[in-house]
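The primary structure of each chain is shown beneath.
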Amino acid sequence: MSATQRDAYDDDGSPDSGASPSRPLSGPRQTIVAFPDGPLLVRGDFDIVDPDGKPLRRSRKTVALCRCGASVLKPYCDGSHKLIGFKTEPES
């Protein structure tokens, strides 16, 4: 195995993520915003796959992912969180 091939793996043998304190990730960036009482908004260049690893269709660079469990479009949000009164913070 060449030095370049070895550098592609972390110490535990898993593929190197490329991130380290001295070597930040470069290229396109993804962000995830957790909206209070609402979905996870994911922006950037990413893939969404099913449990078998097959890509799910998406037509936008920004998607809202359901976290209330009531969406009929799972994994995407359809606004059902508003209808069911979904809360991300427990009531005090």
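As a reminder, the structure under discussion sits directly above these lines.
Model, not experiment: these values are computed from the prediction.

Draft legend 1. How the structure looks around the packing of aromatic side chains. Considering all chains together, one arrives at zero aromatic pairs under this definition. Cation over ring: R58 sits above F46, and NZ or CZ is 3.9 Å from the ring centre.

Draft legend 2. Inspection of the sheet that holds strand β1 (residues 31-34) at higher detail. What the three strands build is an open sheet, ordered β1-β2-β3; its pairing is antiparallel. Only two strands of the sheet have a single neighbouring strand rather than two, namely β1 and β3 (62-65). In this sheet, neighbouring strand axes are inclined to one another by 20° on average, regardless of whether the strands run parallel or antiparallel. As judged from the four bridges shared by β1 and strand β2 (residues 40-43), these two strands associate in the antiparallel manner. Directly across from V33, in β2, lies its bridge partner L41.

Draft legend 3. Spatial organisation of the pairing of β3. Only one face of β3 is covered, namely the face carrying V63 and L65; the face carrying T62 and A64 is uncovered. Looking at chain direction, β2 and β3 are connected through four bridges and run antiparallel. Bridge assignment links L40 to a residue of β3, and that residue is L65.

Criteria and thresholds
Residues numbered from 1 in each chain as written. Predicted model: local features only at pLDDT ≥ 70, side-chain atom pairs only at ≥ 80, totals over all residues. Heavy atoms only, no water. Phe/Tyr/Trp six-rings, centres within 6.5 Å; stacked < 30°, edge-to-face > 60°. Lys NZ or Arg CZ within 6 Å of the ring centre and 35° of its normal. Pairing = 2+ DSSP bridges. Helix = DSSP H or I, 4+ residues; strand = E, 2+ residues; numbered from the N terminus. Axes fitted to C-alpha atoms, helices over the stretch in contact; angles between N-to-C directions. Buried < 20%, exposed > 50% of the residue type's maximum accessible area, 1.4 Å probe, protein only.

What is shown is where atoms sit, not what they do.
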